[in-house]
Amino acid sequence: LLMLQQFRFTNADAHDHHSHGGDLDEASTAMLRRVIQKIGQTSVNTTLLPDLEALLDDRHDGEDHDHSHCDARRLALDWLANEDAAASHMPADEYDRALLQRYALSAAYFATGGEGWTVCSRKVESECESDGARWLSPSSHCAWDGINCKGGKLSWFDLSDHGLVSESYLPLEMTLLSPTLELLWTSDNPKLGGALPAWIGEFQSLLSLGAYNTSLSGLVPDSLYTMTKLNSLRLYKSEFEGSISPEIGNLKELKWLWIHDNHFEDILPDEIGQLTKLEGITLHGNDFASAVSESSQDEGEDESKDFKNASEQLVDIIPSPVCDLLHRGLKHLWTDCEKDSLVPNLKKKFDEKQPDFVVKA
């Protein structure tokens, strides 16, 4: 890849600057080459590189390329090349280390209608209620609103309730942040649409994914079930559909699974019962099918009568392995049941050890 870039740099002057990078100006095209070279020097496993090379060569006919955020990509490159004042304020080596992160964030800004954000856009019309700096300001990107870093590397991306607008979630440039990002929240943005992309699985360091109260739809990608460090998955009050894969059993660290008020269907997989660290799960407001269990008819003699009755009642909604989590750390279970289907003395009590059964009639 580096040899290829050297060839491009050597031959760049032989062409008019508009012949590469589509409608990018000369400075933006040079910035694009710099970004591509930086990616080639890192260990980031991103699918972004082919798209950037296609933009550099002005190729737009490849079926494998994602063009949903091309305009945002160009705007981000133009901002970096011509407007980013941090380039003159920061020491050159420091700015070089921050380049890919600033590119990823500026692409996310333009791809989600950043100029129209209700909170902390670069436009003074949007209010900054926190101590965070405005986006695209000359200050360190680690100080921008909703962003936190550890050791200069992005660890926290929280743009909840910022007025994001997009028909295709976030741009592919986000994968440049995947090695170190631990929290990715875009919740409470009703105009944020599209589907969770397969590249979400590149975020192997992610601990918390929040995309609730959005217009995100479609299936949960299989790649999400490879994110084994996840301890919080909150997708509720959106438009997700399809079934929950048995591969969810891979998410051994999961503590919070909030997926209520979507369009999920089919039978919940028994593998949810393998998530022994679960403390809360919300299932109501979906179209899950009834589960059938034989184990609820043959409970051990040492189990309390109350728990046995609860298991028999809940089995129509969730599989018995999930009910078995009540023996462990599960504290909150919200599900759809027929009215008064839970025995009265197992409904919510003011007792920390008592599971919080919430029946949505």
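Residues numbered from 1 in each chain as written. Predicted model: local features only at pLDDT ≥ 70, side-chain atom pairs only at ≥ 80, totals over all residues. Heavy atoms only, no water.

> Mind showing me how you'd approach the packing of helix H2 (residues 26–40) against helix H6 (residues 92–111) here?
Running from amino to carboxyl end, H2 crosses H6 at an angle of 100°, the nearest separation of the two axes being 10 Å. Taken together, the axes of H2 and H6 lie roughly perpendicular to each other. Mapping the contact onto sequence places Met31, Arg34, Val35, Lys38 and Ile39 in H2 and Tyr95, Asp96, Leu99, Leu100 and Tyr103 in H6. Tallied by class, residues from the contact of H2 with H6 come to seven nonpolar, no polar and three charged. (Axes fitted to C-alpha atoms, helices over the stretch in contact; angles between N-to-C directions. Helix = DSSP H or I, 4+ residues; strand = E, 2+ residues; numbered from the N terminus. Parallel < 35°, antiparallel > 145°, perpendicular 65-115°, else oblique. Contact = heavy atoms within 4.5 Å. Nonpolar A, V, L, I, M, F, W, Y, C, P; charged D, E, K, R; others polar.)

> How should the state of the cysteines be read in this particular structure?
Evaluation of the coordinates by the stated rule reveals two disulfides. Paired by a disulfide, Cys142 and Cys149 hold their sulfur atoms 2.1 Å apart. Between Cys142 and Cys149, the S-S dihedral sits near -90°, and the bridge is therefore left-handed. Assessed through its relative accessible area of 22%, Cys142 is described here as partly exposed. What connects to what in the chain, once the bonded cysteines are numbered by sequence position, is 1-2, 3-4. (Disulfide = S-S within 2.5 Å. Buried < 20%, exposed > 50% of the residue type's maximum accessible area, 1.4 Å probe, protein only.)

> Explanation requested: the pattern of salt bridges in the structure shown.
When the charged atoms of two side chains with opposite charge come close together, those side chains can pair. In this structure the tally under the stated criterion is 11 salt bridges. Arg122 serves as the salt-bridge partner of Glu83, at 3.2 Å between the closest nitrogen and oxygen. Separated by 39 residues along the polypeptide, Glu83 in the loop between helix H4 (70–82) and helix H5 (86–89) and Arg122 in the loop between H6 and strand E1 (147–150) bring together distant segments of the chain. Arg122 sits in the partly exposed class, given a relative accessible area of 28%. (Salt bridge = Lys/Arg side-chain N within 4 Å of Asp/Glu carboxyl O.)

> Teacher, can you tell me more about the confidence of the model for the chain here?
In regions of low pLDDT, the predicted coordinates are not meant to be interpreted in detail. Averaged over every residue, the pLDDT of the chain is 82; residues scoring 70 or more account for 76%. Across residues 1–21, where pLDDT falls below 50, the model places 32 contacts with residues more than four positions away in sequence or in other chains. Throughout residues 338–356 the model reports pLDDT below 50, and contacts reaching past four residues in sequence, or to other chains, amount to 28 contacts. (pLDDT = per-residue confidence, 0-100.)

> Help me out: how do you make sense of the nonpolar core in this one?
In summary, soluble globular proteins display a tendency toward joint burial of nonpolar side chains. Judged by nonpolar contacts, the single largest core of 83 residues is most densely connected at Phe157, Tyr169, Leu184, Leu209 and Leu224. Looking at this core, the elements with two or more residues in it are H2, helix H3 (49–56), H4, H6 and strand E2 (153–158). Here this core gets 11 residues from one element, more than from any other, and that element is H6. In this structure Leu224 touches Leu196, Ile200, Leu209, Leu230, Leu233 and Leu251, once residues within four positions along its chain are discounted. (Core = buried A, V, L, I, M, F, W, Y, C linked by side-chain atoms within 4.5 Å.)

> Just to check I follow, could you spell out the packing of H4 against H6 for this structure?
The description of two packed helices rests on the angle between their axes and on the distance between the axes. At their nearest, the axes of H4 and H6 sit 8 Å apart, and the two run at 140° to each other. The orientation of H4 with respect to H6, classified from their angle, is oblique. Helix-helix and strand crossings are classified by hand; for H4 and H6 the assignment is right-handed. For the pair formed by H4 and H6, the contact residues are Ala72, Arg73, Leu75, Ala76, Leu77, Trp79 and Leu80 on the first element and Tyr95, Leu99, Arg102, Tyr103, Ser106, Ala107, Phe110 and Ala111 on the second. (Left-handed = near helix turned anticlockwise from the far one by under 90°.)

> When you look at the environment of Thr186 in this model, what are you seeing that I'm missing?
With respect to the secondary-structure elements, Thr186 resides in the loop between strand E3 (183–185) and strand E4 (208–210). Separated by 26 residues in sequence, Thr186 and Ser160 place their C-alpha atoms 4.7 Å apart. If we ignore the near neighbours within four places in the chain, the residues touching Thr186 are Phe157, Leu159, Ser160, Leu164, Tyr169, Leu170, Leu192, Gly210, Ala211 and Thr214.

> Help me out: how do you make sense of the side chain of Arg74 in this one?
Here Arg74 lies in helix H4. Within polar-contact distance, the side chain of Arg74 engages the side chain of Asp23 at 2.8 Å. (Polar contact = N/O pair within 3.5 Å; in protein donor to acceptor, adjacent residues only side chain to side chain.)

> Got a minute to help me understand H4 in this structure?
Residues three or four positions apart in an α-helix share a direction because the helix packs 3.6 residues into each turn. For H4, with 13 residues, the first-to-last C-alpha span of 18 Å sits near the 18 Å given by 1.5 Å per residue. For H4, the full list of buried residues reads Cys70, Ala72, Arg73, Arg74, Ala76, Leu77, Trp79 and Leu80. Looking at the buried positions of H4, the neighbouring elements they touch are H2, H3 and H6. (Expected span 1.5 Å × (residues − 1).)

> Teacher, can you tell me more about the pairing of strand E12 (residues 332–336) here?
A regular strand places its side chains so that they alternate between the two faces of the sheet. Only one face of E12 is buried, namely the one carrying Leu333 and Thr335, since none of His332, Trp334 and Asp336 on the opposite face is buried. Where strand E10 (residues 280–282) lies against E12, three bridges are found, and the strand directions are parallel. Paired with Ile281 across the two strands is Leu333, which belongs to E12. (Pairing = 2+ DSSP bridges.)

> When you look at unusual backbone geometry in this model, what are you seeing that I'm missing?
The phi angle of most residues is negative, glycine excepted, and most peptide bonds adopt the trans form. Its identity is not glycine, yet Leu136 carries a phi of approximately 70°, on the positive side. Positionally, Leu136 belongs in the loop between H6 and E1. Here the phi dihedral of Asp266 falls at roughly 70°; this positive angle occurs in a residue that is not glycine.

> Could you clarify how one ought to interpret the packing of aromatic side chains in this entry?
Any two aromatic rings considered together are summarised by their centre-to-centre distance and by the angle between their planes. Scanning the model with the defined rule gives 15 aromatic pairs in all. Ring centres 5.8 Å apart and planes at 50° place the aromatic pair Tyr236 and Trp258 in the tilted group. Of the two residues, Tyr236 is situated in the loop between strand E6 (232–234) and strand E7 (239–242) and Trp258 in strand E8 (residues 256–258); the sequence distance between them amounts to 22 residues. Accessibility expressed as a relative area gives 12% for Tyr236, which makes it buried. The class for Trp258 is partly exposed, based on a relative accessible area of 22%. Here Phe264 and Phe288 contribute two aromatic rings whose centre-to-centre distance is 6.4 Å and whose plane-to-plane angle is 10°, an arrangement assigned as stacked. Taken together, the positions of Phe264 in strand E9 (residues 263–266) and Phe288 in strand E11 (residues 287–288) put the pair 24 residues apart, joining distant regions of the chain. (Phe/Tyr/Trp six-rings, centres within 6.5 Å; stacked < 30°, edge-to-face > 60°.)

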